[in-house]
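Coordinate inspection notes
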Amino acid sequence: MLRGYFWRVILEVDNKTLVDKINNGSDAGHFSNLIAAIQSIIAKDCDVRVCHVFRESNFAADHLASMSDENLIGFISHVSPPPSLGFWLIHDLYGVSYDRCV
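Our subject in this report is the structure included herewith.

What counts and how
Residues numbered from 1 in each chain as written. Predicted model: local features only at pLDDT ≥ 70, side-chain atom pairs only at ≥ 80, totals over all residues. Heavy atoms only, no water. Helix = DSSP H or I, 4+ residues; strand = E, 2+ residues; numbered from the N terminus. Buried < 20%, exposed > 50% of the residue type's maximum accessible area, 1.4 Å probe, protein only. Contact = heavy atoms within 4.5 Å. Areas by Shrake-Rupley, 256 points an atom, 1.4 Å probe, with all protein chains shown as cover. Core = buried A, V, L, I, M, F, W, Y, C linked by side-chain atoms within 4.5 Å. Polar contact = N/O pair within 3.5 Å; in protein donor to acceptor, adjacent residues only side chain to side chain. Patch = residues over 30% accessible without salt bridge, like charges linked within 9 Å, V, L, I, M, F, W, Y side chains within 5 Å. Salt bridge = Lys/Arg side-chain N within 4 Å of Asp/Glu carboxyl O.

**Things to note about the overall build of the protein**
- For the protein, the count of helices and strands is four helices and two strands.
- Looking at the 102 residues of the protein, the share that counts as buried comes to 17%.
- Restricting the contact set of the protein to residue pairs at least 6 apart, pairs at least 24 apart contribute 64%.
- On the protein, roughly 8300 Å² of surface is accessible, and the fraction owed to carbon and sulfur atoms is 57%.

Shown next, in the form of structure tokens:
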């Protein structure tokens, strides 16, 4: 599925438990079918690395997710970044960071 588009992919996820379950193949409970589907997709002929990032470093992805319709399921591809994403991309470009509030 990914082959032909990307050879190497770094998938950054802000849910540490999910990352551990995908990488270690541990029991995923009621999400086991979803985890198995993700593992089968990333096991194809691509080099996919799934790693944890803190939520504070994932603002661009969070913004894209908030733009989608809550009832929409599937894959959305943008030809170019939506204008409202520019603010978060500029932050990434300049390495702007935020304190983690725990």
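Anyway, onward from the coordinates.
**Quick word on the nonpolar core**
- The biggest cluster of nonpolar side chains holds eight residues, and these are Val13, Val19, Ile22, Ile35, Ile42, Cys46, Val48 and Val50.
- At the level of secondary structure, the elements contributing two or more residues to this core comprise helix H1 (16-24), helix H2 (32-42) and strand S2 (47-52).

**Quick word on the side chain of His63**
- Following the sequence through the fold, His63 ends up in helix H3 (residues 59-67).
- A polar contact of 2.8 Å, which involves the side chain of His63, links it to the side chain of Ser84.
- What His63 contacts, discounting residues up to four positions off in sequence, is Ser84, Leu85 and Trp88.

**Some thoughts on a nonpolar patch on the surface**
- Taken together, Ile90, Leu93, Tyr94 and Val96 make up a surface patch of nonpolar side chains, about 450 Å² in accessible area.
- Note on placement: Val96 falls in the segment after helix H4 (86-94).

**Describing H1**
- Its side-chain oxygen 3.1 Å from the backbone nitrogen of Thr17, Asn15 forms the N-cap of H1.
- Just past H1, the residue Gly25 takes up positive phi, approximately 65°.

**As for the environment of Asp14**
- Looking at the secondary structure, you find Asp14 in the loop between strand S1 (8-13) and H1.
- Sequence separation between Asp14 and Ser57 is 43 residues; the distance between their C-alpha atoms is 8.5 Å.
- If we ignore the near neighbours within four places in the chain, the residues touching Asp14 are His52, Val53, Phe54, Arg55 and Asn58.

**Focus: the pattern of salt bridges**
- This model, assessed by the stated rule, comprises one salt bridge.
- Here Asp20 ties to Lys16 by a salt bridge, and the two come within 3.0 Å at their closest N and O atoms. Linking Asp20 with Lys16, this pair stays in helix H1, spanning four residues, or about one helical turn.

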